[in-house]
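One letter stands for each residue in the lines below.
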Amino acid sequence: MKNLKMIVYLLILAGLTFFAALYAVYRSEQGAVRQSEQQPPHKADVAMVLGNIVNRHGKPNPCLRSRVEAGVWLYRAGKADYLLMSGGTDADGSNQAEAMREMAVKLGVPSEKVWLENQSQTTYQNIKFSTLLLKDHHDVIIVSDGFHLPRGLWLARHQWPEKDLQTFAGRDCGDSAAVMWRKRVREVLAWVKALVLDHG
């Protein structure tokens, strides 16, 4: 009986911890979006757009496009001299970085102003594999969805402590509330991985 009570208490504690972390992800997401809307970043050398799956349910993923559009907005507004698209190859053979460059060029960004990091499979690798491309650039804006930006920024600060880092959130890409909560749940798990493995 004593062991059973202990197990129950531990399960309750684990559940409370998980929901507290989920709420923290939600609050940090809202803060990232609000900051992007109310206080756009100051001028930087490069806007780094973090990748996302290219196609979803057999159709172009609007959430990838919203990230690219946010990066293009920064370029057009004179907030960034270059765009760095970071993302590897999906299961269907589509490369995230290459797809993002194609979108950006179609939206009017000169191709020579768009750099590629096209090997990464995780946010940690987005940051790590971009290190050489950014070695001569001090000011970087990280672009992604609001829920993703706090972790991206945390990882970047560990990888590049000497850089001036800012964030900018892409607009809402139209996902339903249920899909967004699933993304936030995955983000909680991704934070656990980041804290345990991805900060070296």
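Residues numbered from 1 in each chain as written. Predicted model: local features only at pLDDT ≥ 70, side-chain atom pairs only at ≥ 80, totals over all residues. Heavy atoms only, no water.

A. Layout of the sheet that holds strand β5 (residues 114-117). Strand order in the open sheet formed by five strands is β5-β4-β1-β6-β7, and the pairing between neighbours is parallel. Sheet topology places β5 and β7 (164-169) at the edges, where each strand pairs with a single neighbour. The sheet shows a mean angle of 25° between the axes of neighbouring strands, taken without regard to direction. Pairing of strand β1 (residues 44-50) with strand β4 (residues 80-86), which is carried by six bridges, proceeds in the parallel orientation. (Pairing = 2+ DSSP bridges. Helix = DSSP H or I, 4+ residues; strand = E, 2+ residues; numbered from the N terminus. Axes fitted to C-alpha atoms, helices over the stretch in contact; angles between N-to-C directions.)

B. Spotlight on the layout of surface pockets. The volume enclosed by the largest pocket comes to roughly 690 Å³. Forming the walls of the largest pocket are 27 residues, and the residues nearest its centre are Gly51, Asn52, Arg67, Arg151 and Arg186. At the level of secondary structure, the elements contributing two or more residues to the lining of the largest pocket comprise α4 (123-129) and α6 (177-196). Take the lining of the largest pocket: its biggest share by element is seven residues, from α6. (1 Å grid on protein atoms, 1.4 Å probe; cavity = no way out; pocket = protein on both sides within 12 Å on 5 of 7 lines; lining within 4 Å. Points joined across faces, edges and corners; volume = space filled by probe spheres on them.)

C. Just the nonpolar core, in detail. Core analysis: the largest hydrophobic core is formed by 22 residues, its most contacted members being Ala47, Val68, Leu83, Met85, Ala104, Ile141 and Val143. Listed by contribution, the elements that provide at least two residues to this core are β1, α2 (62-76), β4, α3 (96-106) and β6 (139-144). Those residues within four positions of methionine 85 in sequence are excluded, and the remaining contacts are Val49, Val68, Ala97, Met100, Arg101, Ala104, Val114, Trp115, Leu116 and Glu117. (Core = buried A, V, L, I, M, F, W, Y, C linked by side-chain atoms within 4.5 Å. Buried < 20%, exposed > 50% of the residue type's maximum accessible area, 1.4 Å probe, protein only. Contact = heavy atoms within 4.5 Å.)

D. Examining the environment of glycine 108 more closely. Summarising the element assignment, glycine 108 is placed in the loop between α3 and β5. You can call glycine 108 exposed: its relative accessible area is 55%. Residues glycine 108 and valine 72, spaced 36 residues apart in sequence, show a C-alpha to C-alpha distance of 8.3 Å.

E. Fine view of the packing of α2 against α3. At a closest axis distance of 10 Å, the pairing of α2 and α3 adopts a crossing angle of 50°. It follows that α2 is oblique to α3 by the angle criterion. In this structure, the crossing between α2 and α3 has a hand that is right-handed. Contact residues: α2 offers Leu64, Arg65, Val68 and Val72, while α3 offers Met100, Met103 and Ala104. Classifying every residue of the contact of α2 with α3 by side-chain character gives six nonpolar, no polar and one charged. (Parallel < 35°, antiparallel > 145°, perpendicular 65-115°, else oblique. Left-handed = near helix turned anticlockwise from the far one by under 90°. Nonpolar A, V, L, I, M, F, W, Y, C, P; charged D, E, K, R; others polar.)

F. Structural context of the state of the cysteines. On inspection of all chains with the given rule, the structure shows one disulfide. Paired through a disulfide, cysteine 63 and cysteine 173 show a sulfur-sulfur distance of 1.9 Å. Between cysteine 63 and cysteine 173, the S-S torsion sits near 50°, and that sign places the bridge as right-handed. With cysteine 63 in helix α2 and cysteine 173 in the loop between β7 and α6, the pair connects residues that are 110 residues apart, well separated along the chain. By relative accessible area, cysteine 173 is classed as buried at 14%. (Disulfide = S-S within 2.5 Å.)

G. Representation of the pattern of salt bridges within the structure. The full count for this structure, using the stated rule, is 11 salt bridges. Of the charged contacts in the structure, one is a salt bridge between lysine 106 and glutamate 102, with a shortest N-O distance of 3.3 Å. Placement of the pair is lysine 106 and glutamate 102 together in helix α3, with a separation of four residues, close to one helical turn. Residue lysine 106 is classed as exposed on the basis of its relative accessible area of 66%. It is possible to trace a salt-bridge network through shared partners that takes in Arg56, Asp175 and Lys183. (Salt bridge = Lys/Arg side-chain N within 4 Å of Asp/Glu carboxyl O.)

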